[in-house]
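Here is what each chain is made of, one letter per residue.
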Amino acid sequence: MDQIKPANQSRAYLKFISERDQALETLYVRANQEINDLLRRAMTRAVEIVAYRYSQLKGEDALTLQGRRLTAAIDWDIATEFNISARHMALVLHDLNAQAYALSLVGEAEAIGRALKQPAKYNVERGTPELLAQEDSEGESVEGRVALAMARVRRAIMDAVELAR
């Protein structure tokens, strides 16, 4: 008697899994590139800010009120730049989450359709992936985690600026 293979070992299912993984990889690579570009721009801008502000400082003013004001101005400028970048990065991550959720919802129907060898349809209601992407199981929002990471980088830059001053 012919043994029936489990559904997760069928060729159709394995092909589907491979295609889904490729789609997820494409989504991840795009989001990763965009976040890297945003971070690179923010870091380049931070270096430009430090260089410009330090060009305004005379050597003897480093430990005076003028030096402290300069440090505060650098911190303010970098914080502004990093906050803008952090918001953009959080949006990229939200989009990635929404796209992954949409892919999983549609992928489930596709897997069932392939297993049953019937055309499958699934309507993703407008806004559903975005709502699911906003749910956070780790206790902190995406925006909060990205802002914290950027604040840590900013603090490291400011530590170096203050040490140099």
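Criteria and cut-off values
Residues take numbers from 1 onward in each chain, read along the sequence in its written order. Restriction of local features to residues with pLDDT of at least 70 applies here, the model being predicted, together with a cutoff of 80 or more for giving and counting side-chain atom pairs; totals for whole chains, interfaces and linings are based on all residues. Note that water and hydrogens are dropped before the side-chain values are worked out from all heavy atoms of the structure. Numbering goes from the N terminus for both helices and strands, where a helix is a DSSP run of H or I of at least four residues and a strand is a run of E of at least two. Accessible area is worked out with a 1.4 Å probe on protein chains only. A residue is then buried under 20% of its type maximum, exposed over 50%, and partly exposed in between. Any pair of residues with heavy atoms lying within 4.5 Å of one another is described as a contacting pair. The salt bridge criterion pairs a side-chain nitrogen of Lys or Arg with a carboxyl oxygen of Asp or Glu, the two atoms within 4 Å. Helix span, expected: 1.5 Å multiplied by one less than the number of residues in the helix. For our purposes a nonpolar core is just a set of buried Ala, Val, Leu, Ile, Met, Phe, Trp, Tyr and Cys residues, chained together by side-chain atoms within 4.5 Å. Every residue is assigned a pLDDT by the predictor, reflecting its confidence on a scale from 0 to 100.

A. Representation of the overall build of the protein chain. Counting secondary structure elements, the protein chain contains four helices and zero strands. The order of helices and strands in the protein chain, counted from the N terminus, is α-α-α-α. Within the protein chain, the fraction of its 165 residues that count as buried is 25%. For the protein chain, restricting intrachain contacts to residue pairs at least 6 apart in sequence, the fraction spanning at least 24 positions comes to 78%.

B. Layout of the side chain of T71. By the secondary structure assignment, T71 is in helix α2 (residues 65-116). In this structure T71 touches M158, V161, E162 and R165, once residues within four positions along its chain are discounted.

C. Broad picture of the pattern of salt bridges. In total, this model carries nine salt bridges according to the counting rule given. One salt bridge in this structure joins E19 and K15, with 3.9 Å as the shortest N-O distance. With E19 and K15 both in helix α1 (residues 11-55) and four residues apart, the pair spans about one turn of that helix. Note on E19: relative accessible area 33%, which makes it partly exposed. Among the residues examined, K15 registers a relative accessible area of 52% and is labelled exposed. Put simply, R45, E48 and E81 are held in one network by salt bridges that share partners.

D. Here's a closer look at the environment of L24. Looking at the element boundaries, L24 is found in helix α1. Put simply, L24 and L103 are 79 residues apart on the chain and 8.1 Å apart in space, counted from C-alpha to C-alpha. Setting aside chain neighbours within four positions, we find L24 in contact with A100 and L103.

E. Main features of helix α4 (residues 142-164). The terminal C-alpha atoms of α4, which comprises 23 residues, lie 33 Å apart, in line with the 33 Å expected from a rise of 1.5 Å per residue. Residues of α4 that are buried include every one of V142, V146, M150, I157, M158 and V161, and no others.

F. Highlighting the nonpolar core. Counting residues in hydrophobic clusters, the biggest one holds 24 residues, and the most contacted among them are I74, I78, F82, M150 and I157. Once you skip the residues sitting within four places of it in the chain, F82 turns out to touch A42, M43, A46, M150, V153, R154 and I157.

G. Local environment of the confidence of the model for the protein chain. Mean pLDDT over the protein chain stands at 82; residues scoring 70 or higher make up 79%. Mean pLDDT across the elements of the protein chain ranges from a minimum in helix α3 (residues 128-134), with 60, to a maximum in α4, with 90.

H. Here's a closer look at the environment of E110. Residue placement: E110 occurs in helix α2. Judged by its relative accessible area of 30%, E110 is partly exposed. In this structure the C-alpha to C-alpha distance between E110 and Y13, which are 97 residues apart in sequence, comes to 9.6 Å. Apart from the residues within four sequence positions on either side, E110 is in contact with F16 and A120.

I. Quick peek at the environment of A51. Looking at where A51 falls in the secondary structure, it is placed in helix α1. Overall, the relative accessible area of 48% leaves A51 in the partly exposed class. Taking C-alpha positions, A51 is 9.7 Å from I74, a pair spaced 23 residues apart along the chain.

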